[in-house]
Amino acid sequence: MRSTHIAVSAALLGALALPLASAATASAAPSLAPASVTDPTCSKPGPWTLTAKAVTIRAKASVNSKALGILYRGHKFTVHKTSGKWRYITDKTTGVTGWVSAKYVYRPAGMCLD
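Conventions we followed
- Residues numbered from 1 in each chain as written.
- Predicted model: local features only at pLDDT ≥ 70, side-chain atom pairs only at ≥ 80, totals over all residues.
- Heavy atoms only, no water.
- pLDDT = per-residue confidence, 0-100.
- Contact = heavy atoms within 4.5 Å.
- Helix = DSSP H or I, 4+ residues; strand = E, 2+ residues; numbered from the N terminus.
- Buried < 20%, exposed > 50% of the residue type's maximum accessible area, 1.4 Å probe, protein only.
- Core = buried A, V, L, I, M, F, W, Y, C linked by side-chain atoms within 4.5 Å.
- Lys, Arg positive; Asp, Glu negative; His and termini not counted.
- Salt bridge = Lys/Arg side-chain N within 4 Å of Asp/Glu carboxyl O.
- Polar contact = N/O pair within 3.5 Å; in protein donor to acceptor, adjacent residues only side chain to side chain.
- Phe/Tyr/Trp six-rings, centres within 6.5 Å; stacked < 30°, edge-to-face > 60°.
- Lys NZ or Arg CZ within 6 Å of the ring centre and 35° of its normal.

K.L.:
Before we go on, may I ask you to explain the confidence of the model for the chain in this structure?
P.N.:
The predicted coordinates of low-pLDDT regions are not to be read in fine detail. Per-residue confidence for the chain gives a mean pLDDT of 73; residues scoring 70 or more make up 54%. Note on residues 15-39: pLDDT under 50 across the span, and five contacts to partners over four residues away in sequence or across chains.

Next comes the structure, spelled out in structure tokens:
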């Protein structure tokens, strides 16, 4: 009885290993990849966004610098450059340009909706 059990187990393992090897070979073909995986535009980050409801726009990259305005979540804005933990932005809604803390301003990972 024990030798029958071993023979059946070995046959099952052999049968399981065969599809795994075939699947690995089939999935390696680049022509089978969906367009969104091979499309280089999918790796681009999304638009800039805020993690807070609002952040202060400052004249210099410092919390002690003069406040020029407030950037609210939902406002469209452009980030021109980054310096340390600060981002130099233009609030397209109000036209105010200045520095905001980088911990509240980020770009989400890219995504493709094709």
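And the narrative resumes.
K.L.:
Looking at this model, I keep getting lost on the side chain of S101. Mind explaining?
P.N.:
Take S101: it is sitting in strand β6 (residues 97-101). Residue classification places S101 among the buried residues on the basis of a relative accessible area of 17%. Beyond its immediate stretch of four places on either side in the chain, S101 contacts K85 and W86.

K.L.:
Help me understand the nonpolar core, please; the structure alone is not making it clear to me.
P.N.:
Most often, soluble globular proteins have nonpolar side chains that are buried together. Within the largest apolar cluster, ten residues are counted, these being L50, A52, V55, I57, L71, F77, V79, I89, V100 and V105. Looking at this core, the elements that each hand over two or more residues are β2 (54-58) and β4 (77-83). Setting aside its immediate chain neighbours within four residues, V55 contacts L50, G69, I70, L71, V100 and Y104.

K.L.:
I'm lost on the environment of V79 in this one. Help?
P.N.:
Relative to the assigned elements, V79 resides in strand β4. We classify V79 as buried; its relative accessible area is 14%. Sequence separation between V79 and G98 is 19 residues, and the spatial gap between their C-alpha atoms is 9.8 Å. Among all residues touching V79, those that are not within four sequence positions of it are W48, R87, Y88, I89 and V105.

K.L.:
Sorry, what's going on with the side chain of R87 here?
P.N.:
Take R87: it is sitting in strand β5 (residues 86-91). Buried within the structure, R87 lacks any salt-bridge partner; its nearest side chain of opposite charge belongs to D91, at an N-O separation of 15 Å. A polar contact is formed between the side chain of R87 and the side chain of T82, at a distance of 2.8 Å. Dropping the residues within four chain positions of it, R87 is found in contact with W48, V79, K81, T82, G98, W99, V100, A102 and V105.

K.L.:
It is not clear to me how the packing of aromatic side chains should be interpreted in this structure. Could you clarify?
P.N.:
The relative placement of two aromatic rings is captured by the distance of their centres and the angle of their planes. The tally for this structure, following the rule as stated, stands at one aromatic pair. Lying across the ring of Y88, K81 places its NZ or CZ 5.7 Å from the centre.

K.L.:
Where do I start with the environment of T94 in this structure?
P.N.:
Note that T94 resides in the loop between β5 and β6. Of the polar contacts made by the side chain of T94, one reaches the side chain of D91; its length is 3.3 Å. At 3.4 Å, the side chain of T94 forms a polar contact with the backbone nitrogen of V96.

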